[in-house]
Amino acid sequence: MDEKLTAYCGLCCANCIPSCEELFALVDRLDQMFGQLEFDQYAKLKSAQHKEFEDYPTFLSVLRQIKNLRCPVPCRQGGGRSSCEVRQCVQSKGLKGCWECKDRRKCTLLDRLRRIHPNLDYHLDLIADTGAAQRFEKRREHYVWQRKGDLEPVAPADELRQPGGMWRIEECMDISIVQASPDDAGEILALQKMAYQSEAKLNDDWTIPPLTQTLPEIMSEFETKIFLKVVCADKIIGSVRACRISIFGFPMR
Ligand code: SF4
Ligand code: SF4
C-alpha cells in the first residue's frame, strides 16, 4: 500500500471513515433524493402513524453533519485538519512523521488521538521498525470502533494485561505457538516495545534496551537465538527467545 496513506501522526488514511469516498457519495445521493422527493413533507404526514418520523429533521441534520466529516485527500498530501498541531510539530522538526520522533511516547499532543486510536503507539513503533510502506501488512485495526472484542490491545500498555500479567485473549480460540523467522522481526519488535512501556513508565526510563533495540539488532539475534511466536488471527500476540549454550562441550538449552 502507498506509504502516503500513513499520516504524520501514524494514522492510516485508508482505514479512516472520513476517507471513505463511497460513504460520502451515498450520503450525497441520499440527501439529494430526499430533497427531490420532498421527503420532509412526507415524513410529517407519516409521523401521525409512525412517531419515529417526527425525528426526520434530526436525521437529516445528522446526515448533513456526516458530509462535513469528508476528508478527500490523505493527510500527507495536504488533507486532514489544516491547523493540526501534530502535523505542524512534525514539519517543524523536519521529520517524516511521529515515528521518527524520539519523544513520541511522552508526547501529549498525541493523547487525543490515542483515545480514538488505542494502538497508536504500537503503530508508530511498527512504522519506525518496518517502514511506512511495509507496515500496512502488519497493521492492526486503527480505531476504537473497529475493535470487535479481538486481541486489540488498549493503550496504555499497562492496561493491556489482566491481573497476573496475562494478555486479554479470551475471545481468540485459535492460538498457535510456532518458531518465528526474521520476517517476523519488525512485528515482534513493535510488540516488545509496546509491552515494555509499562516497565519504562514505572521506572521513568524510556531508554531501557527493549525500547531502544533497533530492527537490525533484533534481526541479528535471529542468528544466535531461537524465537517462538504466539499467533492468533494472523497476529503475533507474544514472543519469547532462547539461546543454546554448551558447557564443557555438552550442548545445553
Ligand atoms: S491532520 Fe493531524 S491528526 Fe489528522 S491525520 Fe493528519 S497528522 Fe493525524
Ligand atoms: S513531539 Fe514528536 S511525537 Fe509529538 S507531535 Fe511532535 S513529532 Fe509527533
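Residues numbered from 1 in each chain as written. Chains lettered and ligands numbered in written order. Predicted model: local features only at pLDDT ≥ 70, side-chain atom pairs only at ≥ 80, totals over all residues.

Asker: Even after reading the chapter, I still don't get the overall build of the chain, so can you show me in this structure?
Answerer: Check the secondary structure of the chain and you find 11 helices and five strands. Split into buried and exposed, the 253 residues of the chain put 25% on the buried side. Looking at the chain alone, contacts between residues at least 24 apart form 62% of all its contacts between residues at least 6 apart. (Helix = DSSP H or I, 4+ residues; strand = E, 2+ residues; numbered from the N terminus. Buried ≥ 20, exposed ≤ 12 C-beta atoms within 10 Å, placed from the backbone. Contact = placed C-beta atoms within 7 Å.)

Asker: What's the story with the site of ligand 2 in this structure? I'm lost.
Answerer: Around ligand 2 sit V86, C89, V90, K93, L95, C98, C101, D103, R104, C107, L109 and L110, and those are all the residues in its vicinity. Residue composition of the shell around ligand 2, by class: nine nonpolar, no polar and three charged. (Near = placed C-beta within 6 Å. Nonpolar A, V, L, I, M, F, W, Y, C, P; charged D, E, K, R; others polar.)

Asker: Hey, could you run me through the sheet that holds strand β1 (residues 175-179) in this one?
Answerer: Across a sheet, paired strands are connected by hydrogen bonds in the backbone, their directions being either parallel or antiparallel. As summarised here, the arrangement of the three strands in space is β1-β2-β3, forming an open sheet in which the pairing is antiparallel. With one partner strand each, in any of the chains shown, β1 and β3 (235-243) form the two edges of the open sheet. On average, adjacent strands in this sheet sit at an angle of 20 degrees to one another, irrespective of strand direction. The sheet contact formed by strand β2 (residues 225-232) and β3 spans eight bridges and is antiparallel. Its bridge partner being in β3, L228 is matched across the sheet by V240. Across the sheet, helix α8 (residues 185-195) lies against β2 and β3, angled at about 95 degrees from β3, the strand it touches most. (Pairing = 2+ DSSP bridges. Axes fitted to C-alpha atoms, helices over the stretch in contact; angles between N-to-C directions.)

The quantities given are spatial measurements derived from coordinates; they are silent on function.
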